[in-house]
Each structure stands twice: as C-alpha cells, then as structure tokens.
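So you can see what is in the structure, the chains are spelled out below.
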Amino acid sequence: MKINSLADLESVKSKALAASAAMEKTVIVCGGTGCLSYGSAELASALERKIKDRKLNAKVMLKMSGCHGFCERGPIVVIEPDKIYYQRVGRRDKEKAAEELVETTLVQGKVVESFLYSDPVTKERMIDYYKIPFYAKQKRIALRNSGHINPADIDDYIATGGYAALVKALAMKPEAVIEEIKKSNLRGRGGGGYPTGRKWESTRKAEGPVKYIICNGDEGDPGAFMDRSIMEGDPHTVLEGMVIAAYAIAKGKAPAHGFIYVRHEYPLAVKNLTKAIEQAREHGLLGKNILNSGFDFDLRINRGGGAFVCGESSALMRSLEGRVGEPRAKYVHATEKGLWDQPTNLNNVETYACLPEIIVKGADWFASIGTKGSKGTKVFSLVGKVNNTGLVEVPMGIPLREIVFDIGGGIRKGKKFKAVQTGGPSGGVIPDSMIDLPVDFDELTRVGSMMGSGGLIVMDEEDCMVDVAYYFVKFLEEESCGKCVPCREGLRRMRQIFDRITTGNGNPDDMVMLEELCTAMKLGSLCGLGQTAANPVMSTINYFRSEYEAHIKDKKCPAGVCKALIAYMIDPESCTGCQLCVKNCPSGAIKGVKKKPHTIDKEICIKCGVCYDVCKFDSVKRK
Amino acid sequence: MQAKVNLKLVDEVIKSWGADPAFLIPMMQDIQAQYNYLPRPALNRLQEKLNIPLTRVSEVATFYKTFSLKPKGKYIIQVCTGTACHLRGAPRIADSFMRELGIEVNGTTKNGLFTLSTVNCLGACALAPVVKVNEDVHGQVSSDKVKKIIEAYAARKK
Ligand SMILES: Cc1cc2nc3c(=O)[nH]c(=O)nc-3n(C[C@H](O)[C@H](O)[C@H](O)COP(=O)(O)O)c2cc1C
Ligand code: SF4
Ligand code: FES
Ligand code: FES
C-alpha cells in the first residue's frame, strides 16, 4: 500500500500496534550475526513449533530481531511486555530450551532461572532487560530499534514511529532541515567528526546536473561492528536518514541518486537492506513522488571489494565508479566534485541512523545530550579483555572508566587493566592512568588517539603494546593503496623495524627512526590512512616507552606475547596434572604423569600456544 | 583445478549490468560467485564486451582482496585477524590451521578441499576469536578446536 500522507502513516502504525496489543506476549529471538552463529534460527523454529503445539498462536507473537549488542551471550531471547531478558538460550539443545521456555514462561508465567543473566562478579541473576549493567548506562539513539523490531517488516518499523521524521521533514523547507541538523551539532560518526549540517549545506549549494547521496557502510576498522548491526537490525532507519538528506540537499531540477556501499563481509546486511528498499518502494517512501510530495529519490546497494582504503570517502567514490579505490587529494571537495565529478554527500551509517530521531525530537533535544563539542551519543564496539563485550551506545563525554568497568564489567579473569585502544588503525592507546577521561571527539584527539568509527579495545597485562603497534602497522602496510610514497614506503620501513624489535634484533636507534617516520608520514601522506598511521605507534611509544626498551635492550617481551622472545612453561604450583595439555600438544613437547605437575621441553616446543589455550587452571605461563 | 568457463553465463552477467563498465566490480563479484575465482577466459570476455583495456580489468581484479585469480578449495576457511580476534589469540589459531592443513595462508590443500585465508574482522567481534568456513561462523574458537573443525568438514559427504 502506498503511503501518501501523515494520516496514511498513522493508520499503518495503529494497525500494527493493534495487532501486537491483541497478543499477550511477544517472544523476540535475536537474528543478528552473532546469535545466528549460535543457532538462533533453529531455536526460533523450535519455538514456533512448540507454540503451535501448545495452541498459543493466538496469544503469543514470535519474531526475529536484529542484534542487541550483547552477542557474546547469544542466543538472546526477549519476552515483551515483561522485559524478560534471556541469554545463552539453548546453546547446546535447542529443542529442550524451546520446550522449557514455552512451558515455564509462556504457559506457567514463570521465569527460567538458567536463562537469566548472571553477573560475572557478584553472580546475581537478573530478569529485567534494562537493569542489566551492560544496558543500564546506555542511551540508545542510533541503536534504538535494533533488537526490538523485525528488520524484515516495515510495519514493525512504522509502529515504533518510523518514517514520521520523513513526513515531518518533507513538510519543512529543505533549508530548514539543514538548519535543524546544524543546530543539533551532529558530527559525522564515520571517523573525522565533520559537522553533518555543514557538509549538507555545501553539497546543496554546489551546482550540478545531478547530486549523489552516499552511505558509507564499508566499516573497515577491524574490531568494530556497529554499522553492520544497524544495517542488519534496523535497515529502514538508514533509508529514512538518506531520504531526509537527499531532500535537504537536492535543489531545483537536479535529481538526486543514492548509493549504499556495504562491506563485502556483510551478506546479511545486504539481504536486509535489499528487502527494506523493496518495501520502502512499495509503500511510496522511496522512488518517484515520495509521500505524494513530488520529491523523487531512489538508491541502490553496492558491495565493497574488501579494501580498507575504500572506506575513505574519495576512494569509495572511485570504487563506485568501477575503478581501483585510490584516494584523491583533499583540495578537491567531494561536496562539489565527488562521484562522477558531481556534487556528492557522503555520510556514515550511524550518522544517517541518528537523523530521524533528531528531526522528530528536535535539535535542542539532541544537543542537550553530550559535551560542548560533541553532541548526542556514540556507539562503541567494546571488545578485548572485558567481561562484557558487545556494542554499547553511550552519551558523549561518559568517563572511560564507566564504559570499561560498569558497562564492560571490568577485566576478564581478574587480570590487571592496562590500556584501551580507540579509533582502530587511525587511533592510539590510552593508558590506565587516563581511565577517567571523558570520551568525546576532542578529548580522544587531545590524548593522541581518535574517535574513529568507535572501536574500543580493552587490553590487560597480557597484551604487549609493541605487538599492538606492530599489528596496526602490518595491517596498514597491507591496506595502503600505494599511491603516495610516504605512506607506501613509510609503512614498509616501520614494519621492518617492528620485525626486528619483536624478534630481539632491535637497536636503540630504532625508536628514533620510528618517530621520524611518523612525523614524515603525518605531514606527507595524501589521505587519512597514511596521515593517521602514526597514531598507534606514537601513542604506544609515548605511554609505554619502557616496554619498547625491554624489547630492544633486554630482548624481552614483558607481557609474554612476542613469540621469538618468550618461552612457554608450566607453573608447578597450580598444575593439577590433568594431562589435557599433554594430549593436545601437537609436537609432543609436554611430559608428565597424571596428578603430577607437567613440564615443557623447550627444545621440542614450537610455541604454538595450544597448551595455553586448553589449560583450565591458567597454569601455562609465557615468559 | 581450473574451472570450465561457460561464456554464455559471463555474457548474461554482463547483460544484467547493462554492459556498463561502471559496474565492473559487481560483474566480477557475480562471476566469482559462480566459480570461486576469476577465470582468465571470463576476464578476457569482460574486457572484450565492455570495450575496456585488459589492464583495467586486471588492475581491479588484483586491487580488491575479495577477488582471486586462483581457484579455491571447496571449503574456504577465513580466520579473522581483526583487532579483537588478534588480542584473543587469532595468531595461534591461524598457526594451528597452517600446521594442521600443511599449507600457508592463501594456499589450498592438494586434495582441493580447503583454502586457508585471513580476513580483517567479520563483524562478530564479540565472539572473538572467529573463524568462518564458507557461510558458517564459528565463534570463540581456540587452537585446540582447530583440528575438530577441519575434521568435521573433511568428513562431510560430497
Ligand atoms: C583510511 C580510511 C578509512 C575509512 N574508513 C571508513 C569506514 O569504514 N566507514 C566510514 O564511515 N568512514 C570511514 N572513513 C571516513 C570517511 O572518509 C568519511 O570521513 C566518513 O565516512 C564521512 O561520514 P561522516 O561525516 O558521516 O562521518 C575512513 C577514512 C579513512 C582515511
Ligand atoms: S596515504 Fe596511503 S592509502 Fe592514502 S593515498 Fe597515500 S598511499 Fe594511498
Ligand atoms: S547478534 Fe544477537 S545480540 Fe548481537
Ligand atoms: S575482530 Fe574478528 S570478528 Fe571483528
């Protein structure tokens, strides 16, 4: 059915709301990538069967949603309206779990204790979704729908207020929409934090026979997955944001066309977006004469080719043109000469996802959240050595400590916190002494890191800072497009220096050399990849100089990571003699009899680390 | 094993994208989806039908990581080496696969069953370390599970 007016939208909304109100309960099974890999699709079909067997169809609605962010605890099942949060449901036995859930919760109205979240430290079990510490301190704008709605059903999106922003925006003058976004002070979530309203204004002003609106869903930061979750779990939000942008930017007769560039590794995002586009077209929310307003806009999906540099806006545009993704110098502004040399607006997925809320609730509301220079919220991909890993959306300015210790639940296995790394390959590390840093664009830059796309990787005493810098240098060397010399050669030289340092062949000049290379690359590289490649190196040198020195002078890796500098050994105190490592060692280097401490023969050991992985008593040490 | 290339199929792909060189990348993605790699005859056909130099075709084919000019195995193992996985032991996982399969990264086993590759983040970082075999995502893998994963796929019926 075509939606032509606010009244049409309201009627779709009230129908959808009435349908769910007629149900006593809604069972929402997470269908995000994480939960699917734990078999949530099979769980959902088992639930469907049991619900039918018990003749509960008329009372219980079952639906699949996108990601809740807490994928580590998947499969997640939520029961509404009771806000019951079940986790790790049926990891082993889907049939049994479905049976239990239906009998106990749906028939008898009681909770299944074993599915409840239990705090890793206090062991307290919790029922209520929003009281779980992982969620309690979050404020969700971009992620507001993910995990709650069925991404394959446009009515579900409309029921939560979807497309109301578009109706509102189309009733405004385009200039007024831009003013509103400028007033909200929304800054781009893709990395650089450029003010979105300003970018739109420049693209609107630029003259051209056509204008392009691009959504950057390339998500290159290896360790971040917020854009994926949004595209998979709430695709209509992205579409709505893009149509609003197109409307604000289009001028006169010049048509506007849209592209969503999705990372190659995200097939489910492509699937859900494709479906959403079809539905939006059917409903008259995309295509010709949107909402009967006379405004036309349509878009298509392109899959990326697996090149990190294509996340950079000018490289992405070359890739859309069917070419090699090499960046262009920045003095050519994409807002004037972007895709096919026409005025182009490019924003990140999360940026688009914030827009509908800003239009509906107003710029003042958005600007009331966050800090002076960074408004609203930011989604972080909280991973690494914390107890609770996943996607978290928090107000800008929240102290780092709250993210790591309250939401993240502190460090795994009681180990010592060492640092966080933010901003992916463009960012840097922040040491434990700065744990109270308020997290926003400017503060992160001030301490030598970056917001980037929101990767937040927590590291403990067993993580080596030299290895972390080495890791990013290797990553960037591989991903540098090779167009400009400082980046191509600089990264290669840096990698060679790290090859030496991490194998015990470093010399004291190496650090001076690294610092010089960093400066040269910062000044001389053409695009952000080379310009920011210094951050992981410089920040680790600045905050963890002694660790570099230990590698160079003492030929030691204090954290026990750099393979050439360590040996595996077994702690005789804690070893119980369980023989697990003996059985698993591929080279037969571990000797020992049952119930007596085992030993590793250094001559035979190939340092593969299998024993370290299998030991249940943490008795294998790396020194 | 080099695939037998059906040029009609290639032509259909080209046609479905309106024979527009702007869609070179999606065309190559479609061809690769058929053969697991980009066979030379298909690339020749592309340059011919799109009327572009072969250098442009091979430039694109070698720049983007998803494209392969070599045939791949039946099961493509992707070990995630993204940051989250790296810190939770991905290098040990990759080492174990190399050792157990007797091949290097980007190599294919002699029986044509497995190709080993690494990938920068599969977007399932909360399940780190992650390994993907064809379409199956395996989360929280440890180096001792590697052998079991390989055996499970090797034991599958053709
Ligand atoms: C090497 C490099 C990689 C980038 N990768 C991404 C990416 O994966 N996703 C993204 O949205 N922005 C990425 N960016 C930033 C984009 O160039 C661009 O600034 C951003 O997408 C603009 O959108 P925004 O204003 O909404 O943030 C990257 C930048 C560089 C230099
Ligand atoms: S800085 Fe690096 S990635 Fe960017 S254009 Fe130069 S070589 Fe390419
Ligand atoms: S995929 Fe289910 S919580 Fe993330
Ligand atoms: S880092 Fe491995 S899935 Fe993201």
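Residues numbered from 1 in each chain as written. Chains lettered and ligands numbered in written order. Predicted model: local features only at pLDDT ≥ 70, side-chain atom pairs only at ≥ 80, totals over all residues. Heavy atoms only, no water.

Each helix and strand counted, chain B has seven helices and four strands in total. Along chain B, helices (α) and strands (β) appear in the sequence α-α-α-α-β-α-α-β-β-β-α when read from the amino end. For chain B, the spread of C-alpha atoms along the principal axes amounts to about 50 × 30 × 25 Å. Looking at chain B residue by residue over its 158 residues, the buried ones come to 53%. The contacts in chain B between residues at least 6 apart in sequence include a share of 63% that link residues at least 24 apart. In the structure as shown, chain B presents an accessible area of about 7400 Å², 52% of it carried by carbon and sulfur atoms. Side-chain charges in chain B split into 22 positive and 13 negative, and the spacing between the mean points of these groups amounts to 4 Å. (Helix = DSSP H or I, 4+ residues; strand = E, 2+ residues; numbered from the N terminus. Buried < 20%, exposed > 50% of the residue type's maximum accessible area, 1.4 Å probe, protein only. Contact = heavy atoms within 4.5 Å. Areas by Shrake-Rupley, 256 points an atom, 1.4 Å probe, with all protein chains shown as cover. Lys, Arg positive; Asp, Glu negative; His and termini not counted. Charge placed at Lys NZ, Arg CZ, Asp CG, Glu CD.)

On to the domain arrangement of chain B, then. According to the domain assignment, chain B consists of domain 1 (7-63) and domain 2 (75-156). With centres defined by C-alpha atoms, the gap from domain 1 of chain B to domain 2 of chain B works out at 29 Å. (Domains from an automatic or database assignment.)

All names here are of chain A. Taken together, the five strands give an open sheet; going across it, the order is β13-β12-β16-β14-β15, and neighbouring strands pair in mixed fashion. The open sheet is flanked by β13 (390-395) and β15 (429-431), the only strands paired with a single partner. Between one strand and the next, the sheet's axes are offset by a mean angle of 30 degrees, whatever the strand orientation. Both strand β14 (residues 417-422) and strand β16 (residues 455-460) contribute to a ladder of five bridges, which runs antiparallel. Counted as the bridge partner of Phe417 is Asp460 from β16. (Pairing = 2+ DSSP bridges. Axes fitted to C-alpha atoms, helices over the stretch in contact; angles between N-to-C directions.)

Residue and element names in this part refer to chain A. Ranked by size, the top nonpolar core spans 95 residues in total, and within it Tyr163, Leu166, Trp200, Met242, Val262, Phe295 and Phe297 carry the most contacts. When residues in this core are grouped by element, the largest group, ten residues, is from helix α11 (residues 235-249). Sequence-distant contacts of Trp200, that is, excluding residues within four places in its chain, are made with Val177, Ile178, Ile181, Ile244, Ala245, Ala248, Ile249, Asn345, Asn347 and Leu355. Val473, Leu514, Cys518 and Ile570 belong to the second-largest nonpolar core, a separate cluster that totals 50 residues. (Core = buried A, V, L, I, M, F, W, Y, C linked by side-chain atoms within 4.5 Å.)

Residue and element names in this part refer to chain B. Judged by how many residues are buried, strand β2 (residues 114-119) sits mostly within the fold: five of six residues are covered. Of the pairings in the sheet, the one linking strand β1 (residues 75-80) to β2 comprises six bridges and is parallel in character. Paired with Ile76 across the strands is Thr115, a residue of β2.

Right, let's get into the packing of α11(A) against helix α14 (residues 349-361) of chain A. Residues and elements named next belong to chain A. Put simply, α11 and α14 touch, their axes get as near as 7 Å, and they point 75 degrees apart. What the angle tells us is that α11 and α14 run roughly perpendicular. Of the residues in α14, those touching α11 at Thr237, Val238, Glu240, Gly241, Met242, Ile244 and Ala245 are Val349, Tyr352, Ala353, Leu355, Pro356 and Ile359. When the residues that make up the contact of α11 with α14 are grouped by side-chain class, the tally is ten nonpolar, two polar and one charged. (Parallel < 35°, antiparallel > 145°, perpendicular 65-115°, else oblique. Nonpolar A, V, L, I, M, F, W, Y, C, P; charged D, E, K, R; others polar.)

This part covers the pattern of salt bridges. Residue and element names in this part refer to chain A. Taken as a whole and judged by the stated rule, the model has 46 salt bridges over all chains. Arg49 is the salt-bridge partner of Glu95, the closest N and O atoms lying 3.1 Å from each other. Of this pair, Glu95 sits in helix α4 (residues 94-107) while Arg49 sits in helix α3 (residues 40-53); the two residues are 46 residues apart in sequence, bridging distant segments of the chain. Given the relative accessible area of 35%, Glu95 is considered partly exposed. Assessed through its relative accessible area of 43%, Arg49 is described here as partly exposed. Each of the salt bridges in this network shares a partner with another, and the network as a whole consists of Arg49, Lys50, Glu95 and Glu99. (Salt bridge = Lys/Arg side-chain N within 4 Å of Asp/Glu carboxyl O.)

Turning to the domain arrangement of chain A, a few remarks are in order. Interface size is often expressed as the accessible area that is lost when the parts come together. Partitioning chain A into structural domains gives domain 1 (17-129), domain 2 (154-366), domain 3 (377-460), domain 4 (465-554) and domain 5 (567-622). Here the C-alpha centre of domain 5 of chain A lies 40 Å away from the C-alpha centre of domain 1 of chain A.

Let us look at the pairing of strand β11 (residues 344-348) of chain A. Put simply, side chains in a regular strand alternate between the two faces of the sheet. Residue and element names in this part refer to chain A. Burial runs high along β11: five of the five residues are buried. By the alternation rule, side chains of β11 split into Thr344, Leu346 and Asn348 and Asn345 and Asn347, which are all buried. One ladder, built from five bridges, connects strand β7 (residues 211-217) with β11; its direction is parallel. Looking at β11, one finds that Ile213 is bridged to Asn345.

Attention now moves to the interface of chain A and chain B. At the interface, 66 residues of chain A touch 42 residues of chain B. Between chain A and chain B, roughly 4100 Å² of surface is buried when both sides are summed, and carbon and sulfur atoms account for 54% of that area. Put simply, chain A and chain B have four salt bridges between them. The interface formed by chain A and chain B includes 26 residue pairs in polar contact (both at pLDDT 80 or more). At the level of elements, α2 (33-37), β10 (295-303), α13 (313-320), β12 (377-384), β16, α18 (465-479) and α25 (610-614) of chain A are the ones that each hand at least two residues to the side of chain A that touches chain B. (Buried area = accessible area lost by both parts, 1.4 Å probe. Polar contact = N/O pair within 3.5 Å; in protein donor to acceptor, adjacent residues only side chain to side chain.)

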